[in-house]
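# Overview (structure and organization)
Listed here are the chains, written in short residue letters.
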Amino acid sequence: MNGVETKLPPNFISTIVAEDVKSGKHGGRVLTRFPPEPNGYLHIGHAKSICLNFGLASEFGGLCNFRFDDTNPGKEEIEYVDSIMNDVRWLGFDWDERLFHASDYFEQLYKWALDLIRDGKAFVDSLSADEIRETRGTLTEPGKESPYRNRAVAENLDLFQKMRAGEFEDGQCVLRARIDMASPNLNLRDPVLYRIRKMSHWRTGDKWCIYPMYDYAHGQSDALEGITHSICTMEYEDHRPLYDWFLDNINVPSRPRQIEFARLNLSYTVMSKRKLLRLVRERKVAGWDDPRMPTLAGIRRRGYTPESIRAFCERIGVGKKESTVDLAFLEYSIREDLNLKAPRVMGVLNPLKVVIENYPEGQTEYLDAINNPEDPSAGVRQVPFSRELYVEREDFMEDPPKKFYRLSPGREVRLRYAYFITCTGVVKNDKGEVVELRCTYDSATKGGDSPDGRKVKATLHWVSAPHAIDAEVRLYDKLFTEPEPGDDFMEKLNPKSLEVVEAAKLEPSLEEAPPGSRYQFERLGYFCVDQDSTPSRRVFNRTVTLRDTWAKVMKAEGISPVK
RNA sequence: UGGGGCGUGGCCAAGCGGUAAGGCACGGGUCUUUGGCACCCGCAUUCGAAGGUUCGAAUCCUUCCGCCCCAGCCA
């Protein structure tokens, strides 16, 4: 990806894999898999899993399969299938021809179920869902065996075949494993293997009316594909004994090992599909790809790069401890990446008109501006300068506090790549609000340096009024006001998570900026052109602000920012 | 209090019996035509707690405390 392969920091999983490779387990082969269920959009938490699985594979010269865990037609939709594949590709991973589905294995899974029945290890239970729940027992008391638990093999075989043939209605019966109703691990109390669902499946159509449960499908799918390390999140740890039980009691072709790690939590955001779905359904955000969403679609639209997401996932580490990563860490990753790549440009979000009184009317000069100080190869561009300009309203204070060293009456500052200007007058409206600044410029300071060595404390961004282009700029901030939104997250929504600037003034070089392109608006932050943008109505999203030391000073000094 | 898992600075995270890496955040400074970037300095006598073993413990043993997960015909 970037010439020199940076060595990934080791973690407990890569240590296990390294030992297996060294000991020759699986013949030194490494095959992982990313197994999403197509019932929602992928989010940054999935990115951690994707990077882990594909990363491990490439680190040890192995491969990573892509597999849809499509065992529940009631919840899965084709819309999600497309978005999921698109997101994984965008993140930068490729599964070549290795696209699989749990549904590819329905026939084999069915045959194995028949084997389990013949071995007396599975039975058809005619208890209702409620009855099964009631007899499962509790955390402290054992469950009760189903009265159907000892049906004869022949009867079970007959019943199960009839289940498949559609002779029963939904819920009338299920196939259950015959393990141990007294197990302290609830997953082992005769878990359901198959349930009847008379609905068509996005891939198998109406071929099946019985569908395998996750536990029954996952491990065997892994075994069928020859997966060596099946990595999942901590909540499946209790399922591992069952995962292993199937592998021990079925004649599977290989023996995968399940390893669990802690899922990612991010401060100031919610990650569960249920909560994200609610934000979408209740219109708290514009959709799954709203730039405030932690979905990959949202993050992408926000302007994050796949490289920054990968770097983030590599840095947060992999462990078994529940943790919440600071959102600032994610922001650090995108700033770090964009600092090196994003072309610099000037744009004024909250325009304050400036008239340079001693600058010739009608004159336009084109000044050289460096595109990216971090990347000389990015070259220079020319920006127009004229008598009337816009500067940021926040860059002027009529009565500045001691630490404010931007523009104020009588103060001289530099306009980036242009001239030193001195504020000579302030024009106010009848409400007393500053509506225009009158300034003079020093023609000897063209380009931004004074031949007499005169120094100036501040450098301001600006844009020439007659040359500026208008744009809508969407300023995004955290979606929630609290680091841990919790279950009442709907009450913790940040009312200022989106502020729309209707008419920002941008330098004309942005005229043709294509959707998706990213820029640094100097002194403000990183922005990207939104997909809603059109030539007649340009729309930019703020990906993240620049680090703002001045904002911290203001906060510390109790100075309120100018509105 | 059935079972499983986890507890190292504000947030992540190395460490695996030899005397607490690194990153983010934070504070201070240098530099600066972005109050950006870069660079420098600071930031746990202490590893959930208490005992014990040992010349020596975050690492081994006890006990205790705290947090998370499991009672879907969801994944």
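This text goes with the structure placed above it.
Read on for a plain summary of the structure. Quick caveat: nothing in here was measured; it's all calculated off a predicted structure.

## Quick notes on the protein's contact with RNA strand B
If you check the shell around RNA strand B, you find 65 residues, and the closest are Tyr236, Arg406, Arg416, Gly447 and Thr549. Protein-adjacent atoms of RNA strand B, using a 4 Å cutoff, are sugar or phosphate at a proportion of 66%. The contact in question runs from a base oxygen of RNA strand B to an N or O atom on the side chain of Arg344, over 2.6 Å. A distance of 2.8 Å separates a base oxygen of RNA strand B from a polar backbone atom of Gly448. Those elements that place two or more of their residues in the surface near RNA strand B are helix H5 (129-134), strand S6 (192-196), strand S11 (323-325), helix H12 (327-341) and helix H13 (549-557). The biggest single contributor to the surface near RNA strand B is H12, with four residues. Of the residues in the surface near RNA strand B, the class split is 25 nonpolar, 15 polar and 25 charged.

## Some words on the state of the cysteines
Scanning the model with the defined rule gives zero disulfides in all. Free cysteine Cys423: the closest other cysteine sulfur is in Cys439, separated by 4.7 Å.

## Some details on the sheet that holds strand S19 (residues 420-428)
The strand order across the open sheet built from seven strands is S21-S18-S19-S20-S14-S17-S22, with neighbouring strands paired in mixed fashion. Unpaired on one side and paired on the other, strand S21 (459-460) and strand S22 (462-464) mark the two borders of the sheet. Examined bridge by bridge, S19 and strand S20 (residues 434-442) share eight bridges and lie antiparallel to one another. By the bridge assignment, Phe420 is partnered in S20 with Asp442.

## Comments concerning the side chain of Glu436
Looking at the secondary structure, you find Glu436 in strand S20. By relative accessible area, Glu436 is classed as buried at 16%. Within the structure, the side chain of Glu436 is placed 2.4 Å from the side chain of Arg438, a separation counted as a polar contact. Every residue in contact with Glu436, bar those within four places of it in the chain, is listed here: Leu352, Lys353, Val355, Gly425, Val426 and Val427.

## Side note on the pattern of salt bridges
Under the counting rule described, the total for this entry stands at 52 salt bridges. Here Asp130 makes a salt bridge to Arg133, at a shortest N to O gap of 2.5 Å. Of the two residues, Asp130 and Arg133 are both situated in helix H5; the distance of three residues between them amounts to about one turn of the helix. Looking at Asp130, the relative accessible area reads 42%, which means it is partly exposed. Judged by relative accessible area, Arg133 falls into the partly exposed class, the value being 48%. Linking Glu260 and Lys320 is a salt bridge whose minimum nitrogen-to-oxygen distance equals 3.9 Å.

## Some thoughts on the sheet that holds strand S27 (residues 539-545)
Backbone-to-backbone hydrogen bonds join strands into a sheet, with any given pair of strands oriented parallel or antiparallel. The strand order S12-S25-S26-S27-S23-S24-S13 describes an open sheet built from seven strands, whose pairing is mixed. Edge positions in the open sheet fall to strand S12 (344-345) and strand S13 (347-348), since each of these has one partner strand only. In terms of strand pairing, strand S23 (residues 469-476) meets S27 through three bridges, oriented parallel. Along S27, the bridge assignment pairs Val473 with Phe540.

## Description of the pairing of strand S25 (residues 518-521)
The pairing of S12 with S25 spans two bridges and is classified as parallel. Bridge assignment links Val345 to a residue of S25, and that residue is Phe521. When S25 meets strand S26 (residues 525-529), the two strands line up antiparallel, connected through four bridges. Within the sheet, the bridge partner assigned to Tyr519 lies in S26 and is Phe527.

## A word on the nonpolar core
Counting residues in each nonpolar core, the largest one holds 52 residues, and the members touching the most others are Val88, Leu91, Leu279, Ile309 and Phe312. The leading source of residues in this core is helix H3 (residues 78-91), at seven residues. There are two domains that each give this core at least three residues, and those are domain 1 (12-261) and domain 3 (469-557). Among residues more than four places away in sequence, those in contact with Leu91 are Ala47, Ile50, Cys51, Leu296, Pro306, Ile309 and Arg310. Within the second largest apolar cluster, 37 residues are counted, among which are Ala177, Leu188, Tyr194 and Trp208.

## Here's the deal with the side chain of Arg189
With respect to the secondary-structure elements, Arg189 resides in the loop between strand S5 (174-177) and S6. For the buried residue Arg189, which engages in no salt bridge, the nearest side chain bearing the opposite charge is Asp180, 7.6 Å off. Among the polar contacts made by the side chain of Arg189, one reaches the main-chain carbonyl oxygen of Glu141 at a distance of 2.9 Å. The contact partners of Arg189, leaving out residues within four places of it in the chain, are Arg136, Gly137, Thr138, Glu141, Pro142, Gly143, Arg176, Asp180, Met181, Ala182, Ser183 and Pro184.

What counts and how
Throughout, a residue's number is its position along its own chain's written sequence, starting from 1. The order in which chains are written sets their letters, starting at A; the order in which ligands are written sets their numbers, starting at 1. Local features are withheld for residues below a pLDDT of 70 in this predicted model, meaning they are given only at 70 or higher, and side-chain atom pairs are given and counted only at 80 or more; totals for whole chains, interfaces and linings count all residues. Values shown for side chains rest on all heavy atoms present in the structure; no hydrogens or waters enter the calculation. We call a residue near a molecule or strand when any one of its heavy atoms sits within 4 Å of it. As used in this structure description, the phrase polar contact means that two N or O atoms lie within 3.5 Å; if the pair is within protein, one of them must be able to donate a hydrogen and the other to accept it, and residues adjacent in sequence are counted only when both atoms belong to side chains. Numbering of helices and strands starts at the N terminus; helices are DSSP runs of H or I of at least 4 residues and strands are runs of E of at least 2. Following the grouping adopted for this structure description, the nonpolar residues are Ala, Val, Leu, Ile, Met, Phe, Trp, Tyr, Cys and Pro, the charged ones are Asp, Glu, Lys and Arg, and the polar ones are all others, Gly among them. The rule for a disulfide is simple: a pair of cysteine sulfur atoms within 2.5 Å. Two strands form a pair only when DSSP identifies at least two bridges running between them. Burial status follows relative accessibility: with a 1.4 Å probe on protein chains alone, a residue under 20% of its type maximum counts as buried, one over 50% as exposed, and anything between as partly exposed. Any two residues having at least one pair of non-hydrogen atoms within 4.5 Å are treated as being in contact. By definition, a salt bridge exists where a carboxyl oxygen of Asp or Glu is found within 4 Å of a side-chain nitrogen of Lys or Arg. To form a nonpolar core, buried Ala, Val, Leu, Ile, Met, Phe, Trp, Tyr and Cys residues must be joined to one another through side-chain atoms within 4.5 Å. Domain ranges listed in this record stem from an automatic or a database domain assignment. In this tally, Asp and Glu contribute negative charge and Lys and Arg positive charge; neither His nor the terminal groups of the chain are included.

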